[in-house]
Amino acid sequence: MTESGKKDQSLGAELAVALAVNDDEAFLQRVMASADERGLFNEPELWDVLEMWARPGLAVAATAAILFAGAFLARGETEQPMASIAEGLSSEVAATEMAEPAPPNPESMLAVAFAIE
Amino acid sequence: MDAKLAQKVQQGNREAFAQLVLKHGAAARRVCKTILDNDQDADDAAQDGFLAALTKIGTYDPERPFGPWLMRVVVNAARDLARRRKVRIVEEISTDTASEVPGPEVETHRAVLGEALNNALKQLPDREATAVVLYDVEGYSHREVANILEIPTGTARSDVHKARRKLREIMHAWQEN
């Protein structure tokens, strides 16, 4: 009789034989295939998306902020209405950039922005 | 090692997950086989368990051992499938009363000790069978078995003891016949 606090090596070995499984590789393949099928590895995490967008996003945001400030300061001198900035940003190029799934291209956005001035 | 792999899985690393499946797959399948009636269901449950673990890998604490955490998820997946199977069987019986009652199954003599032992395991309550397999086959401690089965440590210890005694009795009777 084995003490309850110790492993029963003999019983354990016999049970292991009784419960023997085979073809670990096939099992692995079916699990991985099922995980892929459910897209458990494909969907990017929120942080991945934010990271992907971070650099160009920051560049665009900084540019927009500078332009906004510049336009605001220049408004008094030229009486240029703020609406023109919105018009510029809603131009065909800007609209195309915003419709793309990829992050906006800072160069294109800068070109649009400078075209306003 | 497992914790590092799990952390990689948390970051979306597919290869790390594959390594964990390869390492723990056999144990998971053995435990599921203890809870379910056939190999196919056991593999289905083990697969469900791994996918559930992958889905909730963010809740795993790398400071704690990975094996018991995974096995807890796997055992729950096996129990879920066992419940669904039982419901299905009951429904089939209750809605199919017009069919002929199948004749008594012909008992074949089991020459292999493993088969007899497997059969003996099926006669044990689910929790006792799982406890003894986790303890004596998979090498978990009483505390870990308790954690996996979500029962007190004393109950896990008692389940292992009772399961061993019943298995010996069943096997003894089988050998005499």
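It should be emphasised that the depicted structure is a prediction, and the values quoted were computed from it without experimental measurement. (Residues numbered from 1 in each chain as written. Chains lettered and ligands numbered in written order. Predicted model: local features only at pLDDT ≥ 70, side-chain atom pairs only at ≥ 80, totals over all residues.)

1. Overview of the overall build of chain A
Defined as follows: Counting from the N terminus, the helices are DSSP H or I runs at least four residues long and the strands are E runs at least two residues long. We call a residue exposed when 12 or fewer other C-beta atoms sit within 10 Å of its C-beta, buried when the count reaches 20 or more, and partly exposed for counts in between; the C-beta positions come from the backbone. Two residues form a contact once the distance between their C-beta atoms, set from the backbone, is within 7 Å.
When helices and strands are counted, chain A shows six helices and zero strands. In chain A, the succession of α and β elements from N to C terminus is α-α-α-α-α-α. Each of the 117 residues in chain A was classed as buried or not, and the buried ones make up 12%. Sequence-distant contacts, at least 24 apart, represent 52% of the contacts inside chain A between residues at least 6 apart.

2. Overview of the overall build of chain B
Each helix and strand in chain B was counted, giving eight helices and zero strands. Secondary structure of chain B in N-to-C order comes out as α-α-α-α-α-α-α-α. In chain B, buried positions account for 38% of the 177 residues. In chain B, of all internal contacts separated by at least 6 residues, the share reaching a separation of at least 24 is 64%.

3. Observations regarding unusual backbone geometry
The phi torsion of most residues other than glycine is negative, and most of the peptide bonds are trans. At Asp23(A), a residue that is not glycine, the phi angle is positive and equals roughly 55°. When you line up the elements, Asp23(A) lands in the loop between helix H1 (9-18) and helix H2 (24-37). Accessibility expressed as a C-beta count within 10 Å gives 11 for Asp23(A), which makes it exposed. One non-glycine residue with positive phi stands out, namely Glu150(B), at about 55°.

4. Here's the deal with the interface of chain A and chain B
Rules: For this classification, Asp, Glu, Lys and Arg are treated as charged, while Ala, Val, Leu, Ile, Met, Phe, Trp, Tyr, Cys and Pro are nonpolar and the rest, including Gly, are polar.
Between chain A and chain B, the contact holds 25 residues from the first and 30 residues from the second. Elements supplying a minimum of two residues to the side of chain A that touches chain B: H1 and H2 of chain A. If one sorts the elements of the side of chain A that touches chain B by residue count, H2(A) sits on top with eight residues. A breakdown of the residues in the side of chain A that touches chain B according to their chemical character gives 15 nonpolar, three polar and seven charged.

5. Re the packing of helix H2 (residues 14-35) of chain B against helix H6 (residues 126-137) of chain B
All names here are of chain B. Defined as follows: Note on method: axes are straight lines fitted to C-alpha atoms, helices fitted across the in-contact stretch only, with angles between N-to-C directions ranging 0 to 180 degrees. With respect to orientation, any angle under 35 degrees is reported as roughly parallel, any angle over 145 as roughly antiparallel, any angle of 65 to 115 as roughly perpendicular, and every other angle as oblique. By convention the crossing between two helices is left-handed if the near helix lies anticlockwise of the far one by an angle smaller than a right angle, and right-handed if it lies clockwise.
The N-to-C vectors of H2 and H6 enclose an angle of 155°; their axes lie 9 Å apart at closest approach. With respect to H6, the axis of H2 lies roughly antiparallel. The handedness of the crossing between H2 and H6 comes out as right-handed. On H6, the residues that touch Arg30, Val31, Thr34 and Ile35 of H2 are Asp126, Ala129, Thr130, Val133, Leu134 and Val137. Tallied by class, the residues present in the contact of H2 with H6 amount to six nonpolar, two polar and two charged.

6. Topic: the confidence of the model for chain B
All names here are of chain B. Put simply, the rule reads: Values of pLDDT, ranging from 0 to 100, describe the predictor's confidence in every residue of the model.
Taken over all residues, the pLDDT of chain B has a mean of 87, while the share at 70 or more is 85%. Least confident of the elements in chain B is helix H4 (residues 66-95), whose mean pLDDT is 83; most confident is helix H7 (residues 142-149), at 97. Every residue in residues 95-111 scores below 50 in pLDDT, and together they form three contacts with partners more than four places removed in sequence or on other chains. With pTM at 0.67, the complex prediction returns an ipTM value of 0.81.

7. Here's the deal with the nonpolar core
Generally speaking, nonpolar side chains in soluble globular proteins are found buried as a group. For the record, the criterion: To form a nonpolar core, buried Ala, Val, Leu, Ile, Met, Phe, Trp, Tyr and Cys residues must be joined through C-beta atoms within 7 Å.
Ranked by size, the top nonpolar core spans 55 residues in total, and within it Val31(B), Cys32(B), Val74(B), Ala78(B), Ala131(B), Leu134(B) and Val145(B) carry the most contacts. Of all the elements, H4(B) adds the most residues to this core, at 10 residues.

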